[in-house]
Amino acid sequence: MKKEGYNVAVVGATGAVGREFISILQERNFPVKNIKFLASSRSAGTYLEWKGKDVMVEELKKDSFKDMEIALFSAGGGTSKKFAPYAAEAGAVVIDNSSAWRMEPDIPLVVPEVNPEDVALYKNRNIIANPNCSTIQMVVPLKPIHDKAKIKRIVVATYQATSGAGKKAMDELFEQTVSILNGKGPTEAKVFAHQIAFNALPHIDVFFDDGYTKEEWKMVNETKKIMHDDSIQVTATCVRVPVFYGHSEAVNIETEEKLTPDEVRKLLSNFPGVVVEDDPKNNVYPLAINAAGKDEVFVGRIREDFSTPNGINMWVVADNIRKGAALNAIQIAEILIEKYL
C-alpha cells in the first residue's frame, strides 16, 4: 500500500535546479510529508517558500539525512560524492543531478520515458543518477525510433543555454549584452573562456587530449548506458549560445531499417513526453523560447538525410533546467514511490 507522504530532502535547494525541484514538487502534488532544504553554509539560515510557508535552509552536514526517505541532489559533483553516501546510509534514496555517479556500473542512469525499469536498481547502493541535460532531451525522442528501426549512429550538435552553466553564467550574458547595447563594449568574461553575448562558444566543460570536451563524452557514454546498447555509435559537438533557457540540438541518425519522415513523426507523436512541431511551410518548428517552462521535449525539422542510407535529421528542443534536470529527477521519484518505496 502506497504511503500518504514521504520525507524529502532537497540538497542545493537555493540553486537554480534546487528551486525548480521545489516548484515542481508542489506543481505535481508530490506526496511530501516533511521537507528539508539543505545547502552550503553560505545559504544556511535563509528561507525558501514551501506551500505558502517559509522553511529555513539548513547547512548540509553528514547527519542531515536522519529519517529522510528521498534526497534530491543538485549541488555539484564534489558535494554529491561526499554527501550522497551519507544520505544513502541513512536510508534515503538519492536522486543525483550531477555527473558524479552516472557512469558507475552498479548505479542506474534513468530517463523515465526511456528506461524506467532501471529505477529498480537503486537497491544496489540507494543512489540513482540523473543524466546530463543534453542527453536527456536527445534520448527521449530517439527511444521509439530505436525500438522500431534500431539506431546505428548518432551525430549531434548542441546549442546550449547559459543556464546550464548556472546563475553566474546567465548574469554574465545579461551584463555583457546590456553593456554592448549601451555602447560600452562587453564586460569581462569570467565564467566563460570568451565573450558569450552575440557569440557561440564550441566549448562546454574541459577539453580532453582527443579534442573532445567532457560534455561531449557525457553524451556519448550516457546515451549507450541509458539505451542499453553499446553498439550505437555517437559523436557530439557541444556549443554554448547566448540564450538563457532551453537547449537546442541538431540530431542526425542512421537506422538499420528504413524509416520515412512521416513514420518518424507518427512514432514521436504517439510517444509520451514528446511534442512534434513540424510544419516548416508555416514557420512551425521547436524554439528555445517556447520550450522554457515546459515539461515536454519538442521535435521538428524531421526530414530525410539524403547523403546516407536510412538517415534522418531532426531538431530537438527542451527546457534544460526543467526536463533536463529537475523534472526528470522528480519523475524518477514518482516511479520510485509508485513501485518500490
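Values in this document were obtained by computation on a predicted structure and should not be read as measured data. (Residues numbered from 1 in each chain as written. Predicted model: local features only at pLDDT ≥ 70, side-chain atom pairs only at ≥ 80, totals over all residues. Heavy atoms only, no water.)

Asker: Explain the overall build of the chain here, please?
Answerer: From N to C terminus, the chain includes 8 helices and 13 strands. The globule rule puts the C-alpha radius of gyration for 341 residues at 20 Å, and the 20 Å found for the chain is close to it. Along the longest, intermediate and shortest principal axes, the C-alpha atoms of the chain span 60 × 60 × 40 Å. Relative to its full complement of 341 residues, the chain shows a buried share of 52%. The contacts in the chain between residues at least 6 apart in sequence include a share of 66% that link residues at least 24 apart. By element, 50% of the accessible surface of the chain is carried by carbon and sulfur atoms, the whole surface being about 15600 Å². (Helix = DSSP H or I, 4+ residues; strand = E, 2+ residues; numbered from the N terminus. Rg over C-alpha atoms; globule rule 2.2 N^0.38 Å. Buried < 20%, exposed > 50% of the residue type's maximum accessible area, 1.4 Å probe, protein only. Contact = heavy atoms within 4.5 Å. Areas by Shrake-Rupley, 256 points an atom, 1.4 Å probe, with all protein chains shown as cover.)

Asker: Would you mind showing me how to read the sheet that holds strand 9 (residues 233-240) here?
Answerer: In sheet architecture, strand pairing relies on hydrogen bonds along the backbone and comes in two forms, parallel and antiparallel. Strand order in the open sheet formed by 6 strands is 9-8-10-13-12-11, with mixed pairing between adjacent strands. The sheet is open, and its two borders are formed by strand 9 and strand 11 (274-276), each paired with just one other strand. If you compare each strand with its neighbour and ignore which way they point, the axes differ by 25° on average. Pairing geometry for strand 10 (residues 247-255) and strand 13 (residues 311-318), over 8 bridges, is antiparallel. (Pairing = 2+ DSSP bridges. Axes fitted to C-alpha atoms, helices over the stretch in contact; angles between N-to-C directions.)

Asker: How should the nonpolar core be read in this particular structure?
Answerer: Note that soluble globular proteins tend to have their nonpolar side chains buried in a common cluster. Of all hydrophobic cores here, the largest spans 55 residues; its most connected members are Phe65, Leu142, Ile154 and Met314. For this core, the element with the most residues is helix 3 (residues 133-149), which contributes 7 residues. When near neighbours in sequence (up to four residues on either side) are disregarded, Met314 contacts Leu142, Ile145, Glu249, Ala250, Val251, Ile253, Val264, Val299, Gly300, Arg301, Ile302 and Arg303. Among the nonpolar cores identified, the runner-up in size contains 37 residues, and Val17, Leu48, Val57 and Ile337 belong to it. (Core = buried A, V, L, I, M, F, W, Y, C linked by side-chain atoms within 4.5 Å.)

Asker: I tried to follow the packing of aromatic side chains on my own but got confused; where do I start?
Answerer: How two aromatic rings sit relative to each other is given by the distance of their centres and the angle of their planes. In this structure the tally under the stated criterion is 5 aromatic pairs. The ring of Trp101 is capped by Lys81, whose NZ or CZ atom sits 4.2 Å from the centre of that ring. (Phe/Tyr/Trp six-rings, centres within 6.5 Å; stacked < 30°, edge-to-face > 60°. Lys NZ or Arg CZ within 6 Å of the ring centre and 35° of its normal.)

Asker: How do you make sense of the environment of Ser307 when you look at a structure like this?
Answerer: For Ser307, the position within the fold is in the loop between strand 12 (297-305) and strand 13. We classify Ser307 as exposed; its relative accessible area is 66%.

Asker: Would you explain helix 5 (residues 214-227) in this entry?
Answerer: Think of an α-helix as turning once every 3.6 residues; residues three or four places apart then point the same way. For helix 5, spanning 14 residues, the distance from its first C-alpha to its last is 20 Å, which sits close to the expected 20 Å at 1.5 Å a residue. Judged by how many residues are buried, helix 5 sits mostly within the fold: 11 of 14 residues are covered. Within helix 5, burial applies to Glu215, Glu216, Lys218, Met219, Val220, Glu222, Thr223, Lys224, Lys225, Ile226 and Met227. Where helix 5 is buried, its residues meet helix 3, strand 8 (151-160), strand 9 and strand 10. Count one or two residues on from helix 5 and you reach His228, which has phi positive near 55°. (Expected span 1.5 Å × (residues − 1).)

Bear in mind that shape data such as this cannot, by itself, settle questions of function.
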